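# Architecture at a glance
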Amino acid sequence: MSLRLESIGKQYNDDVWGVRDVTLELDPGIHGLLGPNGSGKSTLMRIISTVMDPSTGTVYWNGTDITDSPNTVRSILGYLPQDFGVYPNLTAREFLEYMAALRGLDRKTASARIDELLTFLNLKMDQDRKLHTFSGGMRQSVGIAQALLNDPDLLVVDEPTVGLDPEKRTQVRNLLSSAANERVVLLSTHIVPDVEATANKVALLHDGELLTHTDPETL
Ligand code: ADP
Ligand code: MG
């Protein structure tokens, strides 16, 4: 399994490029996408998740051009957008059932998978509470759970630790690293400790350009 970005650029308007000429190859494991606000992390993730077309370049999943045939990757993709919203009046379980139905999972498969994820994320006890009563950390866990519903080969999570205290950040990081087995995981953050402990590789973005993609020690 591998995701390959070739010369990816996104021009938002005359003088604003979100990213420019990014070439990057991601193998299974956790890849941290590190950069300050405005460096292009969300832009790159939206392109990989096929919710936005690049202005230049191509993205390949196992050699298939996904800018051309996005459905190839959509079925094996889990995505947690930066501005992910939950439905406040649904319980955690109802919300995950709803997301599973949208993904086309049958009831029985969905129910078993939701049990597994709620347990894995330490949310089993809270599954029947409405989401508006959840803390920020718990809501992020639900966001990660919905991204994992279809057991994705490619998991893209955009700033999942934002707004969390250090302890919760560590939990989210550990959770993602235990989910990383045999998947390509791309985790964006502007917080260095988020990637130095758990990422196998770090891609450093600055001003829309990729500075390096290497292991944390080398970085
Ligand atoms: P990050 O996620 O690293 O904070 P973004 O990808 O959101 O960075 O933004 C990269 C650059 O693209 C910034 O200069 C931002 O202002 C610009 N940008 C992002 N989204 C849009 C948009 N929808 N329209 C115009 N400019 C945008
Ligand atoms: Mg962003």
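So, here is what we can say about the structure in this document. (Residues numbered from 1 in each chain as written. Chains lettered and ligands numbered in written order. Predicted model: local features only at pLDDT ≥ 70, side-chain atom pairs only at ≥ 80, totals over all residues. Heavy atoms only, no water.)

Excluding glycine, residues mostly carry a negative phi; peptide bonds, for their part, are mostly trans. For D21, which is not a glycine, the phi torsion comes out positive at approximately 50°. As for its position among the elements, D21 is in strand 2 (residues 16-26). Here D21 falls in the exposed class, since its relative accessible area comes to 55%. Backbone geometry places E159, a non-glycine residue, at a positive phi of 50°. (Helix = DSSP H or I, 4+ residues; strand = E, 2+ residues; numbered from the N terminus. Buried < 20%, exposed > 50% of the residue type's maximum accessible area, 1.4 Å probe, protein only.)

Relative to the elements of secondary structure, L148 occurs in helix 5 (residues 136-148). Under the relative-accessibility criterion, L148 is labelled buried at 2%. A C-alpha to C-alpha distance of 8.7 Å links L148 and L77, two positions 71 residues apart in sequence. Not counting residues up to four positions away in its chain, the partners in contact with L148 are R113, L117, F120, L155, A179 and R183. (Contact = heavy atoms within 4.5 Å.)

Attention shifts here to the sheet that holds strand 10 (residues 209-214). Reading across from one edge, 6-7-8-3-9-10 is the order of the six strands in this open sheet, with mixed pairing throughout. Of all strands in the sheet, those with a lone pairing partner are strand 6 (77-80) and strand 10, marking the two edges. The sheet shows a mean angle of 15° between the axes of neighbouring strands, direction not considered. For strand 9 (residues 201-206) and strand 10, the ladder comprises five bridges, and the chain directions are antiparallel. Note that in strand 10 the partner of H206 across the bridge is E209. Taken strand by strand, helix 5 contacts strand 6 and strand 7 (154-158), and its axis lies near 160° from that of strand 6. (Pairing = 2+ DSSP bridges. Axes fitted to C-alpha atoms, helices over the stretch in contact; angles between N-to-C directions.)

Further remarks concern the coordination of the magnesium ion (ligand 2). For the magnesium ion (ligand 2), the protein coordination sphere consists of S42 (OG) and Q82 (OE1), at 2.0 to 2.1 Å. Taken as a pair, S42 in helix 1 (residues 41-48) and Q82 in the loop between strand 6 and helix 3 (92-102) lie far apart in primary sequence, 40 residues in all. By relative accessible area, which is 13% here, S42 ends up buried. (Donors = N, O, S within 2.8 Å, 3.2 Å for Na, K, Ca; no water.)

Just geometry here; none of it tells us what the structure is for.
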